[in-house]
Amino acid sequence: MNLQISTIQPGDGETIIRVHHRAFAEWATQLPVCYRYQPLQIEEVHEWLEHPNRTIWVARQSDTVIGYAACRPATLPGEQAIRVLHFPVTHADWGQSRIAVAPEWQGHGVATRLLQTILADFTTTDGQVVTAYSYNFNRAATRLFTKLGFVNRPLFYLATYSEVEPFTYDAFFAQLDLTRPLPIVPLHHEVAVRPMQADDSSAIQCIFRESAPFAFGGDPSAQELATWLADENADIR
């Protein structure tokens, strides 16, 4: 295999889209509709590259792109400045990073070589932490990340960030079979369940701040929440 790893070149966008669609085709067709998979558009590839710190790396075989990985380095505040490399998710509701290899080349070490090259480049900038995303039932991805030294923990602590606050969180996505009655869970007698109301926004902001500080940078604005609720087609009364 004459595999070449480099950053994206002009004209690679359409090929990356084809690789992406073919690599994620099984997930797009088998995951329930609640995952809301959407085909990748060329405009999204361009958006990934608009920010100067965002990079797309590609793997080529005989000058043909057969894999890609999109990443974004950042410097985060903490007890010390922390250099982090993120492999962001493909779409807002997809818990898998923008890493894909054409199906006929999967299992040949392409993703391993691709990520090893990216990680080696990141270490030259004093990189400390790398985050990536995968569903736990995506065995190929979990094997890849484990082989490269990634660890999966519900709460991940980093001493240079904070001794008490987790640096990042694991996620939990539940699927319910609505063709059968759901179990009745007894609530505390003071707890009542009702549709969200317009004047609940301050309470929702507080919940995000304390329970999911990673979602909106730790301090969600009312406008950010309103946009999120609109995107989720929330029923507000």
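Here is what the cut-offs are and how they apply
- Residues numbered from 1 in each chain as written.
- Predicted model: local features only at pLDDT ≥ 70, side-chain atom pairs only at ≥ 80, totals over all residues.
- Heavy atoms only, no water.
- Salt bridge = Lys/Arg side-chain N within 4 Å of Asp/Glu carboxyl O.
- Helix = DSSP H or I, 4+ residues; strand = E, 2+ residues; numbered from the N terminus.
- Buried < 20%, exposed > 50% of the residue type's maximum accessible area, 1.4 Å probe, protein only.
- Phe/Tyr/Trp six-rings, centres within 6.5 Å; stacked < 30°, edge-to-face > 60°.

Chemist: Tell me about the pattern of salt bridges, and please be specific about residues and values.
Modeler: By the definition in use, this model includes 3 salt bridges. Here aspartate 12 makes a salt bridge to arginine 60, at a shortest N to O gap of 2.5 Å. Highlighted residues: aspartate 12 in the loop between β1 (3-7) and α1 (13-23) and arginine 60 in strand β2 (residues 55-61), separated in sequence by 48 residues. The residues aspartate 12 and arginine 60 share a single accessibility class, namely buried. The shortest N-O distance in the salt bridge between glutamate 104 and arginine 22 comes to 2.6 Å. Remark: arginine 22 occurs in helix α1 and glutamate 104 occurs in the loop between β5 (99-101) and α4 (110-123); sequence separation between them is 82 residues. Note on glutamate 104: relative accessible area 45%, which makes it partly exposed. What makes arginine 22 partly exposed here is its relative accessible area of 43%.

Chemist: Give a detailed account of unusual backbone geometry, specifying residues and quantitative values.
Modeler: Most peptide bonds take the trans configuration, and most residues that are not glycine carry a negative phi. Unlike most non-glycine residues, serine 62 shows phi in positive territory, near 55°. If you trace the backbone, serine 62 turns up in the loop between β2 and β3 (64-76). Within the chain, aspartate 63 stands out as a residue other than glycine whose phi angle is a positive 70°. Here aspartate 63 lies in the loop between β2 and β3.

Chemist: Can you lay out the environment of serine 202 for me, pointing to particular residues and giving the numbers?
Modeler: In this fold, serine 202 is placed in helix α6 (residues 201-211). Taking C-alpha positions, serine 202 is 9.8 Å from leucine 225, a pair spaced 23 residues apart along the chain.

Chemist: Can you break down the packing of aromatic side chains residue by residue, with the values?
Modeler: Under the defined criterion, the tally for this structure stands at 4 aromatic pairs. Both rings, one in phenylalanine 145 and one in phenylalanine 150, keep their centres 5.1 Å apart while their planes meet at 55°; by these two values the pair is tilted. In terms of burial, phenylalanine 145 and phenylalanine 150 fall into one category: buried.

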